[in-house]
Amino acid sequence: MEQLRYWAVFVFNYAVYYYSVVIMISYALLAVFSMLAIRKYRQRDRFINHNFLLSSPHLPGISVIAPAYNEGGVIRNGVHTLLSLSYPKFEVIIVNDGSTDDTLEQLVEEYELTEVDYAYHAQLVTRPVQRVFKSRNPAYARLVVIDKENGRSKADASNAGINAAAYPLFVCTDVDCILHKDTLIKMVRPFIEEKTRVIAAGAVIRISNSCEVRNGYMKKVKVPNQYLPLFQELEYIRAFLLGRMAWSRINGLMLVSGGLGMFDKEIVLKAGGYDHASLGEDMELISRMRVYMHDQKLKYKVRYIPESLCWTEVPATLNVFARQRTRWTKGLAQTLWIHKKVIFNPKYKILGLLTFPYWVLFEWLAPLLEFGGIVFFIWLIVSGQINWPYALVLLLFVYSFSVMITIISVLWDEITGMKYERKRDVFKLCLAALAEPFIYHPLVVFFALRGNFFFLTGKKLQWGEMTRTGFGGEHKKKTNHETVN
Amino acid sequence: MQFSNYPVIILVALAVAMLAILITIGTLAVIYLHRVYIRMRQKKQQEAEDAILDELNEHVLSYDSVKDIPEKELNAMLRKLDSLKNHSLIYRNTLVRILVGFRLNFSGKIARIVNATFTRLKLREFTLGKLKSAVWFLRVQGLKEVQEMHDGHSIRLVMALANDRNVDVRVSAYSALLQLNQKNPFGFMEQECEELTRWHQLFLLDAVQKANLKVVPDFKSYLGSGNDSLVLLSLKLIAQYNQLNALPKLMALLQHANEAIRHEGIGVLGQLGDEEAALRLIEVYPKETRDNRAHILTALGTIRHPPTFDFIVDQFLSTDDFILLKSAAAAMNGFQAELRAEKLPDTLRLRHEQQLVIRHFEEPLNQYGAA
């Protein structure tokens, strides 16, 4: 028994150690690849003139799809922002997903909408579309508003928007996201600059909490004042600029955020659109699109650009944060389970041999191992088996590496265009990086465990209320879908 | 602490931790210095811009030509600009940027003055130096400056870059040659072997529009190119210049193996509006892919040749495919209302989907924007 315990401790110690080493090596590689990707993008952006694109009649048209459920607080300004995007050929499709507030009434009033006969083709199955509206005012000719029965998910509303989309590319976003006016002209570039067909592209999403927003337009970018959004800002910078840029470089992306993504409509339709039963519908769609392309033996790419083009509000309270993160983990587990045939399957090349295994081993499994490690550590302390100098060295090892990677991400953020005017905002972020492993990371792990528990037990998530500050003050809304990043 | 007694993995962990701490401190320093550097550079650029614009506005741009500027004033101004140019790299690059910007946005006397100033300040040498740079994006920048300054004397260097190994440099050289090489601006269409992306094609289309070409070639001669991307570019150019004499070759292109080329060719035939082409499109319709069939229907709606209306109606009534239905309805809508009333069955005898698309295109609000 004693020997068994000894070997269990020995194996576990070494397994955890080498697991950590592999994660760290992968992060170091991500840092290198992201640097190369960002450098390449910046060279092209700086030295190649793209201004002429704005007047080119040959650019592909883009449909901007924004589902709206009980967005009465932000709908007017949100739609104005979308209609103000700079691009020669686009339409804005707002899908009113059975709102119970005055979202539709506000749209009708603000944009002089009238019901029209519209050739809506339900290629993707959704809850019924009841009416389609267009504006009597030529200034809003680009706007289409679809009124449909509530589908209890953003996926259902997005699919309705895709059904109505007239153009070969579409952008999926949220009405309460603030998009940069050059979003479309920048995000279309991967689609026209690559020789291989690009089926989806994403950009960096930032956090709008504490930013100065006026009439739906971003006036001043500021670092969040509250601790929870502040840590999330760090996390977003690390995830987008380090993680996704690196995966984009090796064509291994598995996720284009629901808050902002541009897609090839034809491939989305062939892949079956968003899955309304999925809690991580954005990741699940990309996975399915990639699997489809592999199954059809077609070459493709999924790309990210290191441009901050979208600002979204993130949970500022623990309750809402908890629900979001639990749902994300459940969505991740769901997606990995649905597409389990891909894992270690050489038919799917980098998706099967690298991306999926990475997400299984280092994104899904990590919180479980970490929790196991903490429990084991506590047991070692209680049983008096801890070697404190070694333990402290290992703690320092993990902590210092984690902080280093985060600070490097902040540097990448600075290089891609200093978003914060004041130096102190940047150093506030850096200070938060020191505290993150002790304060924020345990929360993420805990809610990830919760998400896995919900997934394994099949427990449904309660939606409840979500409080958003919005652009004009606080408003509470019952929501049945949030942006999944 | 006896580190030598520690297990290897602990020593490795300690070493990595130390390295990570050093890298973190170094990165923080880089973040701070980067900020300081960027702010300083922005400040210097603004100072440079203010100083240069003051000098140009006061001493150069108020005259009709360089010859009108008094010798003393001209020399003083050139000495001042020269000293600004030699002040620092930022000043020099700003001067180049401003002069190139002026040249791009002005013509006539100001353009001539700007050119003369550019030459006298020996800024041309810096631009030519960029053309010889080992770094691809500097070569691209140099080509842009040469093009925008209309520097015809650099044409040999530009032609050499038309054979560069980097495709972005080559395309920038082609763009410059469109401006500078009046004898054979489209020579690149015979030499480029690599596939040009859609971006490259749009870039060249834009350059063609801005080039002020004295002679526009017959782009149909490039429709036989083995490089499909050049065929696509030629098709866009044929449409842009409305070259009706390309029609026979365009119709022959409807047999091309590349679906994208056939698609583009169908679009161009629609734009050119030839009635014979409309009949040819009907001939190839049955053999085409679904998307190309939809495109053919759209083209027929653009050409509006009355004998084709029956065909469009037939497709509208017989198809179950919504995309084809919608394209046929859109095409029918382009014809006269009397013809539609005469040829179309009574709306009540149509399927729900058919009625829906007809109403869609009859709705005036759907005519705007995308629908």
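Conventions used here
Residues numbered from 1 in each chain as written. Chains lettered and ligands numbered in written order. Predicted model: local features only at pLDDT ≥ 70, side-chain atom pairs only at ≥ 80, totals over all residues. Heavy atoms only, no water. Helix = DSSP H or I, 4+ residues; strand = E, 2+ residues; numbered from the N terminus. Rg over C-alpha atoms; globule rule 2.2 N^0.38 Å. Buried < 20%, exposed > 50% of the residue type's maximum accessible area, 1.4 Å probe, protein only. Contact = heavy atoms within 4.5 Å. Areas by Shrake-Rupley, 256 points an atom, 1.4 Å probe, with all protein chains shown as cover. Lys, Arg positive; Asp, Glu negative; His and termini not counted. Charge placed at Lys NZ, Arg CZ, Asp CG, Glu CD. Axes fitted to C-alpha atoms, helices over the stretch in contact; angles between N-to-C directions. Parallel < 35°, antiparallel > 145°, perpendicular 65-115°, else oblique. Left-handed = near helix turned anticlockwise from the far one by under 90°. Phe/Tyr/Trp six-rings, centres within 6.5 Å; stacked < 30°, edge-to-face > 60°. Lys NZ or Arg CZ within 6 Å of the ring centre and 35° of its normal. Buried area = accessible area lost by both parts, 1.4 Å probe. Salt bridge = Lys/Arg side-chain N within 4 Å of Asp/Glu carboxyl O. Polar contact = N/O pair within 3.5 Å; in protein donor to acceptor, adjacent residues only side chain to side chain. Nonpolar A, V, L, I, M, F, W, Y, C, P; charged D, E, K, R; others polar. pLDDT = per-residue confidence, 0-100. Core = buried A, V, L, I, M, F, W, Y, C linked by side-chain atoms within 4.5 Å. Pairing = 2+ DSSP bridges. Right-handed = clockwise from strand over helix to strand, strands pointing away. Patch = residues over 30% accessible without salt bridge, like charges linked within 9 Å, V, L, I, M, F, W, Y side chains within 5 Å. Disulfide = S-S within 2.5 Å.

1. So, the overall build of chain A
The helix and strand tally for chain A stands at 13 helices and 14 strands. Here chain A has a C-alpha radius of gyration of 23 Å; the compact-globule value for 485 residues is 23 Å, and the two agree. Seen through its C-alpha atoms, chain A measures out along the principal axes to roughly 80 × 50 × 50 Å. Per-residue burial over chain A gives 59% buried out of 485 residues. Considering only contacts within chain A whose residues lie at least 6 apart along the sequence, 79% involve residues at least 24 apart. Per element, the accessible surface of chain A, about 19300 Å² overall, is 59% carbon and sulfur. Taken together, the 57 basic and 43 acidic charged side chains of chain A have centroids lying 7 Å from each other.

2. Quick look at the packing of helix α12 (residues 388-415) of chain A against helix α1 (residues 8-59) of chain B
It is at 8 Å that the axes of α12(A) and α1(B) come closest, and there the two elements cross at 25 degrees. Taken as axis vectors, α12(A) and α1(B) run roughly parallel relative to one another. Judged by the sense of rotation from one axis to the other, the crossing of α12(A) with α1(B) is left-handed.

3. Considering the packing of aromatic side chains
All names here are of chain A. This model, assessed by the stated rule, comprises 33 aromatic pairs over all chains. Relative to Y440, the ring of F231 lies with its centre 5.5 Å away and its plane at 25 degrees, an arrangement referred to as stacked. Taken together, the positions of F231 in helix α7 (residues 227-249) and Y440 in helix α13 (residues 423-457) put the pair 209 residues apart, joining distant regions of the chain. Exposure class is identical for F231 and Y440. Each is buried. Taken together, the aromatic side chains of Y227, F231, F321, Y440, F446 and F447 make up a single cluster linked through ring pairs. If you follow R244 out to its NZ or CZ, it ends over the ring of F240, 4.4 Å from the centre.

4. What about the interface of chain A and chain B?
Contact residues are listed per partner, giving 58 residues for chain A and 54 residues for chain B. Buried surface at the junction of chain A and chain B, summed over both partners, amounts to about 5300 Å²; 71% is from carbon and sulfur atoms. Interface area lost by chain A to chain B is led by F47(A), F52(A) and K195(A), which between them contribute 13%. Run the count over chain A and chain B and you get four salt bridges. Taken together, the links from chain A to chain B amount to twelve residue pairs in polar contact (both at pLDDT 80 or more). Sorting elements by how many residues they give to the side of chain A that touches chain B places α12(A) first, with 16 residues. Within the side of chain A that touches chain B, the residues separate by chemical class into 37 nonpolar, nine polar and twelve charged.

5. Some points on unusual backbone geometry
All names here are of chain B. With a phi angle near 55 degrees, H150 is a residue other than glycine that sits in the positive phi range. Position of H150 among the secondary structure elements: in the loop between α6 (136-148) and α7 (155-161). For H150, a relative accessible area of 35% translates into the label partly exposed. Despite not being glycine, R304 has its phi angle at roughly 60 degrees, a positive value. The residue R304 is located in the loop between α15 (290-303) and α16 (309-318) in this model.

6. Some remarks on the confidence of the model for chain B
Interpreting fine coordinate detail is not advised for predicted regions of low pLDDT. Taken residue by residue, chain B gives an average pLDDT of 90. The fraction at 70 or more is 98%. We note a pTM of 0.92 for the whole complex and an ipTM of 0.91 for its interfaces.

7. Thoughts on the packing of helix α1 (residues 2-47) of chain A against α12(A)
All names here are of chain A. Where α1 contacts α12, the axes come no closer than 11 Å and their chain directions differ by 10 degrees. Classified by the interaxial angle, the pair formed by α1 and α12 is roughly parallel. Here Y17, V21, M24, Y27, A28, A31, S34, M35, I38 and R42 of α1 come into contact with α12, specifically with L394, F397, V398, F401, I405, W412 and I415.

8. A short note on the side chain of S327(B)
Residues and elements named next belong to chain B. Among the structural elements, S327 can be located in helix α17 (residues 322-333). One polar contact links the side chain of S327 to the main-chain carbonyl oxygen of I323, over a distance of 2.9 Å. When neighbours within four sequence positions are excluded, S327 is seen to be in contact with A294, L297 and T298.

9. Points about the nonpolar core
By size, the foremost hydrophobic cluster in this structure holds 244 residues, and its most contacted members are I94(A), F263(A), F186(B), L250(B) and F316(B). What F186(B) contacts, discounting residues up to four positions off in sequence, is L178(B), V208(B), L213(B), P217(B), F219(B), Y222(B) and L237(B). One finds I52(B), I69(B), L78(B) and L84(B) within the second-largest nonpolar core, a separate group that totals 23 residues.

10. Concerning the sheet that holds strand β8 (residues 198-207) of chain A
All names here are of chain A. Strand order in the open sheet made by the ten strands is β3-β4-β5-β2-β1-β6-β11-β8-β12-β7, with mixed pairing throughout. Of all the strands in the sheet, the pair left with one neighbour each is β3 (113-115) and β7 (178-179). Bridge analysis of β8 against strand β12 (residues 301-312) gives nine bridges, and the strand direction is parallel. The residue bridging V198 from the neighbouring strand is K301, located in β12. Running over the sheet, helix α4 (residues 154-164) touches β1 (62-68), β2 (90-97), β4 (129-135), β5 (143-148) and β6 (169-173) and is turned about 140 degrees from β2.

11. A short note on the environment of A8(A)
Residue and element names in this part refer to chain A. By the secondary structure assignment, A8 is in helix α1. Taking relative accessible area as the criterion, A8 reaches 44% and is therefore assigned partly exposed. In the structure, A8 is positioned 23 residues away from A31 in sequence and 34 Å away in space, judged by C-alpha atoms.

12. Points about the pairing of β1(A)
Residue and element names in this part refer to chain A. Counting buried positions over the seven residues of β1 gives seven, a clear majority of the element. Judged by which residues are buried, β1 turns out to be covered on both faces: I62, V64, A66 and A68 on one side and S63, I65 and P67 on the other are all buried. As defined by bridge partners, β1 adjoins β2 across seven bridges and the pair is classed as parallel. Its bridge partner being in β2, I62 is matched across the sheet by F90. Since β1 and β2 lie parallel, the crossover through helix α2 (residues 75-83) that links them has a hand, and here it is right-handed. Bridge count between β1 and β6: four bridges; the pairing is parallel. Counterpart to S63 in the pairing with β6 is F170.

13. Notes on a negative patch on the surface
Judged by side-chain charge, E47(B), D50(B), D54(B) and E58(B) come together as a negatively charged surface patch. Its place among the elements puts D50(B) in helix α1.

14. A look at the pattern of salt bridges
Evaluated as defined, the whole model comprises 48 salt bridges over all chains. The closest approach of N and O atoms between E436(A) and R238(A), which form a salt bridge, is 2.9 Å. Within this pair, whereas E436(A) is found in helix α13, its partner R238(A) is found in helix α7, the two being separated by 198 residues in sequence. Comparing E436(A) with R238(A), the two get one shared label, buried. Here R262(B) and E288(B) are joined by a salt bridge, their closest N and O atoms 2.6 Å apart. Separated by 26 residues along the polypeptide, R262(B) in helix α13 (residues 259-272) and E288(B) in the loop between α14 (275-284) and α15 bring together distant segments of the chain. Where salt bridges share partners, they join R44(A), D45(A), R189(A), E193(A) and D168(B) into one cluster.

15. Regarding the state of the cysteines
All names here are of chain A. Under the definition given, this model contains zero disulfides over all chains. In this model C172 remains outside any disulfide bridge; the closest cysteine sulfur is found in C177, 10 Å from its own. C172 sits in the buried class, given a relative accessible area of 1%. No disulfide involves C430; its nearest neighbouring cysteine sulfur is the one of C211, lying 17 Å away. What makes C430 buried here is its relative accessible area of 5%.

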